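Overview (structure and organization)
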Amino acid sequence: MSEKTGAVSRMTGKWRADLRRSLWGAADYRNLWMSQTTSLFGTGITLLALPLVALLRLDASPFEIGVLGAVEYLPILLVGLPAGVWVERLPLRAVMVGADAVRAGALLAVPIALALDLLTMPLLYVVAFLIGLGTLFYDVAQLSVLPALVAEDRLVDANGKLELSRSVAQIGSPAVGGLLVQLLTAPLSVLADAVTYLWSAYYVLRIRRPAPVDRPAEKNSLREDVREGVRFVFGHPLMRPLLLCATLAELASAIILALQVVFAAEVLSLTPVVIGAALAAGNAGGVAGALVAEPLARRFGTGTAFMAAIVLFTAGSAVLPMSVGPVTFALGMFVAYLGALVFNVLQVSLCQAVTPPHLLGRMNSVFRFATWGVIPLGAAGGGLLVDSIGLRAVFWIAAGLNALAFLPPLWSAIPRLREVVPHSAGEPAGEAAAGVAGEHPEDPLAGRR
């Protein structure tokens, strides 16, 4: 073998070894990532195409468009808590495939109804409701299945890659959706979105069956199981402050997202092109956050990275009401998204690590019920306040909510976390399983080295 051939062989062998060690070398995780990525791009297309169907085909009013967006969150308020129980009682792959099938079927009804001249706003409301229902169950199941697919010490990396897909989809899917609407018309772009959900289901089916979850032999009632999940989250010394922090931050984010375009257009007098560029820059902060979350936690410790993330998204939201032009507006959005994504990656990873397998579905549904449930409240509440106090004042309220979000984790053991450590089956539920620096060995929060 020549020296050149040997060097190539060694490089190839090193590349294969690195791939096996990376998450991309894990087939199950790779399929989960592909499923979520295609699903997220499809959802982004729907966010643009479905309102355009209502506007262009049904001449819907602004109020009807607003209701269409709100209906998608209705399933969270109606079945958000019991969804976790149902997810735990069913095979996770089946839940995810079923959720994708429901969303695809709902979207397929739009072009079919249009072809039969049966398209109405009530039908679009039903479609939006079913999409929200499918998204709720898919998300809870996906968050519950991930810990069974990757090693515990790779959770932050795994969630970072999933959040990276979400950020990229937020940047790219509106452009893709706009192009599809332009080329295919809005109803056919909805059809294209349905295909993405079917593609997502295909990748879920390629995931090997996750490790079985040990559930108690006795069957509790739905209400008892829901109560157990709520008690676990609110009784946990790490998850309770994280839930309060995430809920306040999501409420603030809902206010900003609902009014960001109005603020940029009416207060800053930006053109549509400049607004689009500024929002794209903001979403780029989310991409950066997803990329740096794991290195930050490894370099400075999980607790320090947590608190720094909260400072970042609070600072970014405070820059927005002080904005005087596109640069400061884009900077505020970038910093806010950067901090939010770092926080999301670490929060999800920690909650997955400290939750017993049989409670994962309920833990995730409690978080989704609280954080997603306040989105319509924030969007509607912010809009109602604009007439009385103005857009800048409403944005200052959002910044204040983010500042308040800093307090629950500050008064907990979170700032002292050194690393995310998996839950120990030997500890009672609700007592943390995370490495904390400087604790007495008998403290249930004491780090396991």
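Attention here is on the structure that accompanies the text. Predicted model only: the values in this text are computed from it and were never measured.

1. A few points about the overall build of the chain
Tallying secondary structure elements over the chain gives 16 helices and two strands in all. Out of the 449 residues belonging to the chain, those deemed buried represent 50%. Sequence-distant contacts, at least 24 apart, represent 83% of the contacts inside the chain between residues at least 6 apart. Entry remark: accessible area of the chain is about 20,200 Å², with carbon and sulfur atoms responsible for 67%.

2. Overview of helix H8 (residues 186-205)
Taking 1.5 Å as the rise per residue, H8 with 20 residues should run 28 Å; its terminal C-alpha atoms sit 30 Å apart, in good agreement. Within the sequence span of H8, burial applies to Ala186, Pro187, Ser189, Val190, Asp193, Ala194, Thr196, Tyr197, Ser200, Ala201, Tyr203 and Val204.

3. A closer look at the packing of aromatic side chains
Taken as a whole and judged by the stated rule, the model has eight aromatic pairs. These aromatic residues form a ring-pair network of at least three members: Trp199, Tyr202 and Tyr203. The cationic tip of Arg103 hangs over the ring face of Tyr138; the distance from NZ or CZ to the ring centre is 5.0 Å. Directly above the ring of Phe300 sits Arg299, whose terminal nitrogen or CZ lies 5.0 Å from the centroid.

4. Points about the packing of helix H14 (residues 360-389) against helix H15 (residues 391-405)
Axis separation between H14 and H15 bottoms out at 7 Å; the angle between their running directions is 130 degrees. What the angle tells us is that H14 and H15 run oblique. In this structure, H14 crosses over H15, and the sense of that crossing is right-handed. Contacts between H14 and H15 pair Gly382, Leu385, Val386 and Ile389 from the former with Leu391, Ala393, Val394 and Ile397 from the latter. Along the lines of polarity and charge, the residues of the contact of H14 with H15 split into seven nonpolar, one polar and no charged.

5. Looking at the environment of Ala398
For Ala398, the location among the structural elements is in helix H15. Spatially, the C-alpha atom of Ala398 lies 7.1 Å from that of Ser317, the residues being 81 residues apart in sequence. The residues contacting Ala398, other than those within four sequence positions of it, are Ala252, Ile255 and Ile256.

6. Notes on the side chain of Asp193
Along the chain, Asp193 turns up in helix H8. Lacking a salt bridge, the buried Asp193 has Arg103 as its closest oppositely charged neighbour, with an N-O distance of 8.1 Å. Residues in contact with Asp193, not counting those within four places in the same chain, are Gly42, Thr43, Ile45, Thr46 and Leu107.

7. Describing the nonpolar core
By size, the foremost hydrophobic cluster in this structure holds 35 residues, and its most contacted members are Val233, Met239, Leu242, Phe306, Phe343 and Phe367. For this core, the secondary-structure elements that each account for two or more residues are helix H9 (222-235), helix H10 (239-267), helix H11 (272-300), helix H12 (302-319), helix H13 (326-354) and H14. Ranked by residues supplied to this core, first place goes to H13 with seven residues. If we ignore the near neighbours within four places in the chain, the residues touching Val233 are Met239, Arg240, Leu243, Met363, Val366 and Phe367.

Reading the values: the criteria
Residues numbered from 1 in each chain as written. Predicted model: local features only at pLDDT ≥ 70, side-chain atom pairs only at ≥ 80, totals over all residues. Heavy atoms only, no water. Helix = DSSP H or I, 4+ residues; strand = E, 2+ residues; numbered from the N terminus. Buried < 20%, exposed > 50% of the residue type's maximum accessible area, 1.4 Å probe, protein only. Contact = heavy atoms within 4.5 Å. Areas by Shrake-Rupley, 256 points an atom, 1.4 Å probe, with all protein chains shown as cover. Expected span 1.5 Å × (residues − 1). Phe/Tyr/Trp six-rings, centres within 6.5 Å; stacked < 30°, edge-to-face > 60°. Lys NZ or Arg CZ within 6 Å of the ring centre and 35° of its normal. Axes fitted to C-alpha atoms, helices over the stretch in contact; angles between N-to-C directions. Parallel < 35°, antiparallel > 145°, perpendicular 65-115°, else oblique. Left-handed = near helix turned anticlockwise from the far one by under 90°. Nonpolar A, V, L, I, M, F, W, Y, C, P; charged D, E, K, R; others polar. Lys, Arg positive; Asp, Glu negative; His and termini not counted. Salt bridge = Lys/Arg side-chain N within 4 Å of Asp/Glu carboxyl O. Core = buried A, V, L, I, M, F, W, Y, C linked by side-chain atoms within 4.5 Å.

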